[in-house]
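This is what each chain is made of:
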Amino acid sequence: MQNLKINAQRLWDTLMETASFGRTMKGGINRLTLSDDDRQVRDWFRTAAEAAGCTVTVDEVGNMFARRPGRREGLAPLAMGSHLDTQPTGGKFDGVLGVLAALEAVRTLQESGYETNAPIEIINWTNEEGSRFAPAMLGSGVFAGTFPLDFANGRQDRDGNTFADALMRIGYRGSEKAGAHKLGAMIELHIEQGPILENAGATIGVVTGVQGMRWYDVTVCGEDAHTGATPMHLRKNALLGAARVIDAVDAIGREFALGVATVGLIENRPNSRNVVPGEVFFTIDLRHREDNVLEQMEQRMRLALAAILDPLGLTYQEKQIWTSPAVRFAPELIGCVRRAAEEAGLATRDMVSGAGHDAVYVARIAPTTMIFVPCLKGISHNEAESTSFEECAAGAQVLLNAILEYDRGLA
Ligand SMILES: [Zn+2]
């Protein structure tokens with residue numbers, strides 16, 4: 001079976017064309033979700049998808065589905081999708097590549113008159129970034145039943161605008177009930193956002209899952225005191241305790257193979273040159289691909305807090321504020337991606353995603369997987385984000401090959 005060849009130049013041209021919606025001075029994109037720039041790229045996408053033979057529907061959280069009919073309309077659609085929103089200083093590829101490569105795949109099908117068994121869909125998920133309306137992956141989260149609709153509608157940006165109002169304002173509050181839309185499968189192509197593929201010299205990341213993540217808030221309490229008049233042995237220095245915990249958290253990340261552990265935010269109070277710090281707030285972020293190992297990391301972190309802070313005369317509160325279990329993608333789809341890359345003659349590497357993606361939530365309701373392509377020096381969420389012409393084309397080709405292989409299995 002000869003597979004179709006995507007048009008690499010056309011894909012690149014659409015990436016560069018749509019980058020004009022929210023273009024920044026440094027060549028990146030500032031396209032916050034539900035902004036005027038987001039409306040423009042959505043309008044562009046709708047027109048382009050319709051021209052490629054698709055019917056576009058929108059659900060009540062603004063998720064867009066561009067459907068190309070299949071031979072057997074009774075089958076649930078096979079989807080390819082990602083997101084068109086960006087960070088305020090985002091790049092041209094994060095999310096965008098997944099949607100536009102899917103569009104290129106459908107254009108290729110349309111051009112050749114190829115008939116799939118199942119309908120094929122391109123999905124643009126709303127508010128993946130979570131930069132304007134927290135949390136991230138909101139549209140796919142409501143779709144998968146992880147977040148209630150009312151929760152999404154009530155999210156507010158810093159100016160007090162609600163998600164629901166912003167959606168109405170740009171005209172993308174659809175009539176379809178979120179989640180009522182059945183999916184037969186989904187493959188999300190995305191840039192890696194890390195350095196692994198580049199360092200391995202591989203073009204295609206065969207993503208087998210997404211690591212589990214746990215977030216904690218910690219407040220350490222000591223006693224404010226004069227730095228000159230308080231002898232060392234009488235101090236309750238909260239910042240000293242926090243410093244030792246930060247070191248211990250880093251050590252936990254190193255102790256567990258494939259684990260990562262980070263203190264990324266810290267507030268020292270009163271933060272004055274001549275006051276022994278009386279209170280420190282900080283966050284802890286623990287991640288591992290195995291939930292049982294993540295559990296062990298959490299236990300080690302809790303033991304470290306007690307072992308470090310108690311002897312310093314400090315008290316503390318620690319609270320887990322968010323958790324996302326490890327995700328394992330669908331083996332049959334992972335196999336399709338692997339064979340699709342082989343067929344295209346591309347070097348692959350199996351990997352687990354370190355970041356969250358829409359595919360995390362979609363995987364709860366339909367067979368799902370992801371394909372990664374490299375990004376220069378692993379840099380993303382940055383205007384300098386860069387994936388080459390050839391890498392974008394390779395990702396799109398593997399996406400098309402994989403979806404067609406899965407579709408042939410439905411015959
Ligand atoms: Zn993304």
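Quick note: structure is the one above.
Attention in this report is confined to the structure presented alongside it. Predicted model only: the values in this text are computed from it and were never measured. (Residues numbered from 1 in each chain as written. Predicted model: local features only at pLDDT ≥ 70, side-chain atom pairs only at ≥ 80, totals over all residues. Heavy atoms only, no water.)

### Notes on the packing of aromatic side chains
- Throughout the structure, instances matching the rule amount to 9 aromatic pairs.
- Where Phe 65 meets Trp 125, the ring centres are 6.1 Å apart and the plane angle is 85°; that geometry is what we call edge-to-face. Here Trp 125 lies in the loop between strand S4 (120–124) and helix H4 (138–143) and Phe 65 lies in strand S2 (residues 64–68), a separation of 60 residues in the sequence.
- A relative accessible area of 0% places Phe 65 in the buried class.
- A relative accessible area of 1% means that Trp 125 is categorised as buried.
- Judged by centre distance (5.5 Å) and plane angle (80°), the ring pair of Phe 147 and Tyr 361 falls under edge-to-face. With Phe 147 in the loop between H4 and helix H5 (149–154) and Tyr 361 in helix H11 (residues 358–362), the pair connects residues that are 214 residues apart, well separated along the chain.
- Overall, Phe 147 belongs to the buried group, its relative accessible area being 14%.
- Joined through ring pairs, the aromatic side chains of Trp 12, Phe 93 and Phe 389 make up one cluster. (Phe/Tyr/Trp six-rings, centres within 6.5 Å; stacked < 30°, edge-to-face > 60°. Helix = DSSP H or I, 4+ residues; strand = E, 2+ residues; numbered from the N terminus. Buried < 20%, exposed > 50% of the residue type's maximum accessible area, 1.4 Å probe, protein only.)

### Section: the coordination of the zinc ion
- Every protein donor of the zinc ion is accounted for by His 83 (NE2), Asp 94 (OD) and His 190 (NE2), and the metal-donor separations fall at 2.0 to 2.2 Å.
- Summarised as a motif, the one-chain spacing of the donors to the zinc ion is H-x10-D-x95-H. One end of the pair, His 83, is in the loop between strand S3 (78–82) and helix H3 (96–112); the other, Asp 94, is in the loop between S3 and H3, with 11 residues separating them in the sequence.
- For Asp 94, a relative accessible area of 4% translates into the label buried. (Donors = N, O, S within 2.8 Å, 3.2 Å for Na, K, Ca; no water.)

### Focus: the environment of Leu 294
- By the secondary structure assignment, Leu 294 is in helix H9 (residues 291–309).
- Sequence separation of Leu 294 and Val 260 is 34 residues, and the distance between their C-alpha atoms is 9.7 Å.
- With sequence-adjacent residues up to four places away left out, Leu 294 is seen in contact with Gly 212, Met 213, Arg 214, Leu 286, Arg 287 and His 288. (Contact = heavy atoms within 4.5 Å.)

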